[in-house]
Amino acid sequence: MKVIITDCDHDSIDIEKKVFKDAGMEVELKQAITEDEVIAQCQDAEIFIVQYAKITEKVMDNCPKLKYVVRYGVGVDTIDVPAATKHGIQIGNVPDYGMNEVADHAISLALAMVRKIVKMNAFTKAEKWDYTNSIPVHRFNQMTVGVIGLGRIGRNFAKKMNALGFKVIGTDPYFKPTPETDEYVTLVTMEEVIEKSDVISLHCPADGNIDLFNKETFKKMKNNAVLINVARGGIINEEDLDQALTDGEIAGAALDCMLGEPVSKDSPLFKHENVIVTPHMAWYSEEAAQELKRKVAEESVRFANGEEIHYPINHLS
């Protein structure tokens, strides 16, 4: 099967090339992101490996040989999955490559907010050596962490936060508790997470959760609560968040994901000293990046060989 990487911003594709070479296959790299670019440059491929490319029904209609699309990463919001199922095209992703990294980044952001690390670093360097500007700071074991989305990453985050001493509660309509998970997270309603948590961390998909956190949600949160987003932009209504921070309805936010990435430095949210922003890097470590590249290639080889892929998104009859 002909394999094309529609687009990627990696320094090289040496890892992918090695996997395909070992399997007796070849791969081509393009930089096609829009519908028209993909159609023009990738029309004869049977397998797409995609990063940012838009794989819409128009693309599928005009790439008649296409049988499998696998994404560098977890989210498949740039791919029309229902259309793919209708066209008999298998969609896949790599949901576990950065599981620890994303959870650890959320923990890092949460602890930085709770211990006021960024604020006090700036204050100490610019003003004076005086811990009282951090008041109040609370013990971890006196705080409640709420987790929205208890998939692989959400559970990883919850388990580690529990080990640090936090009381952890969580919500997820698809999550089924087990004796093991009961040891580190208590399943509650969304309302309870919003109203009871000192830290809320988002680990849910954007699909079905756009504007989940809005002006009404912020009014229900504790005034001392902080919000962490390492999931997807759009789950938080950013205009409403700006207003909630201005009005002091919540204590702060730490964002790795925002709408319209890359986000301009003129974003209104950047003016708030109680907002920490990182550039959608929660997934990243050298090890995770290498694992991702290897796994998309391995999945493509499995599909080409008629083997069962490990990470199907849709199910074809």
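The structure this text deals with has already been given above.
The structure reproduced in this document is the subject of the present report. Every chain is numbered on its own, with residues counted from 1 as its sequence reads. For this predicted model, a pLDDT threshold of at least 70 governs which residues receive local features, and a threshold of 80 or more governs which side-chain atom pairs are given and counted, while totals over whole chains, interfaces and linings are taken from all residues. For side-chain calculations, the full set of non-hydrogen atoms in the structure is used, while hydrogens and water are omitted.

So, the overall build of the protein
When you go through the protein residue by residue, the secondary structure sums to 12 helices and 12 strands. C-alpha atoms define the radius of gyration in this analysis, and the globule rule sets the expected value at 2.2 Å times the number of residues to the power 0.38. At 22 Å, the protein has a C-alpha radius of gyration in line with the 20 Å of a compact globule built from 317 residues. Structurally, the protein occupies a C-alpha span of about 65 × 45 × 35 Å along its principal axes. The buried label goes to any residue with under 20% of its type's maximum accessible area, the exposed label to any with over 50%, and the partly exposed label to all in between, with areas taken from a 1.4 Å probe on protein chains only. Within the span of the protein, comprising 317 residues, buried residues form 49% of the whole. Working definition of accessibility: Shrake-Rupley area with a 1.4 Å probe, residue cover restricted to the visible protein chains. Carbon together with sulfur atoms contributes 51% to the accessible area of the protein, which is approximately 16,000 Å² in total. The helix count covers DSSP runs of H or I at least four residues long, the strand count covers runs of E at least two residues long, and both are numbered beginning at the N terminus.

A few points about the pattern of salt bridges
Here, a salt bridge means any side-chain nitrogen of Lys or Arg that lies within 4 Å of a carboxyl oxygen of Asp or Glu. This structure, assessed with the given rule, holds 21 salt bridges. A salt bridge links aspartate 36 to lysine 58, with the nearest nitrogen and oxygen atoms 3.0 Å apart. Of the two residues, aspartate 36 is situated in helix H2 (residues 35-42) and lysine 58 in helix H3 (residues 57-62); the sequence distance between them amounts to 22 residues. Of the residues examined, lysine 58 reaches a relative accessible area of 38% and is grouped as partly exposed. Glutamate 57 is paired through a salt bridge with lysine 86; the nearest N and O atoms lie 2.6 Å apart. A residue pair is termed long-range when its members are at least 10 positions apart, and glutamate 57 in helix H3 and lysine 86 in helix H4 (residues 81-86) qualify at 29 residues. The exposure class assigned to glutamate 57 is partly exposed, which follows from its relative accessible area of 26%. Ionic contacts of the salt-bridge type, sharing partners, join the residues Lys2, Glu28, Lys30 and Asp44 into one network.

Brief notes about the nonpolar core
Buried residues of nine kinds, namely Ala, Val, Leu, Ile, Met, Phe, Trp, Tyr and Cys, make up a nonpolar core once their side-chain atoms join them within 4.5 Å. Ranked by size, the top nonpolar core spans 29 residues in total, and within it Val145, Phe157, Met161, Val168 and Ile228 carry the most contacts. Where this core is concerned, the elements lending two or more residues are helix H5 (99-114), strand S6 (144-148), helix H7 (152-163) and strand S10 (226-229). In terms of residue count, the dominant contributor to this core is H5 (nine residues). We call two residues in contact when some of their heavy atoms are within 4.5 Å. Sequence-distant contacts of valine 145, that is, excluding residues within four places in its chain, are made with Phe157, Met161, Phe166, Lys167, Val168, Ile169, Ser197 and Val199. Ranked by size, the runner-up nonpolar core spans 26 residues in total, among them Phe213, Leu227, Ile236 and Ala244.

As for the sheet that holds strand S12 (residues 275-277)
With respect to topology, seven strands assemble into an open sheet ordered S8-S7-S6-S9-S10-S11-S12, the strand pairing being parallel. Sheet topology places strand S8 (186-187) and S12 at the edges, where each strand pairs with a single neighbour. At least two bridges found by DSSP between two strands are what make those strands a pair. Alignment of strand S7 (residues 167-171) against S8, held across two bridges, turns out to be parallel. Looking across to S8, one finds that glycine 170 is bridged to leucine 187.

Examining the environment of asparagine 162
Position of asparagine 162 relative to the elements: it lies in helix H7. Put simply, asparagine 162 and lysine 196 are 34 residues apart on the chain and 16 Å apart in space, counted from C-alpha to C-alpha.

A look at the environment of glutamine 31
Among the secondary structure elements, glutamine 31 is positioned in the loop between strand S2 (27-29) and H2. A sequence separation of 20 residues divides glutamine 31 from glutamine 51, and the C-alpha atoms of the two residues are 9.9 Å apart. The residues contacting glutamine 31, other than those within four sequence positions of it, are Thr6, Asp7, Cys8, Glu37 and Gln41. Polar contacts here mean pairs of N or O atoms no more than 3.5 Å apart (in protein, one a potential hydrogen donor and the other a potential acceptor; neighbouring residues in sequence count only if both atoms are side-chain atoms). Looking at glutamine 31, its side chain comes within polar contact range of the main-chain oxygen of cysteine 8, at 2.8 Å.

Some words on the packing of aromatic side chains
Only Phe, Tyr and Trp rings are paired, with Trp represented by its six-membered ring, and only when their centres lie within 6.5 Å; those with planes under 30 degrees apart are stacked, over 60 edge-to-face, the remainder tilted. Here the structure, examined in full by the defined rule, presents five aromatic pairs. Both rings, one in phenylalanine 140 and one in phenylalanine 166, keep their centres 4.5 Å apart while their planes meet at 20°; by these two values the pair is stacked. Of this pair, phenylalanine 140 sits in the loop between helix H6 (117-126) and S6 while phenylalanine 166 is found in the loop between H7 and S7, placing the two residues 26 residues apart along the sequence.

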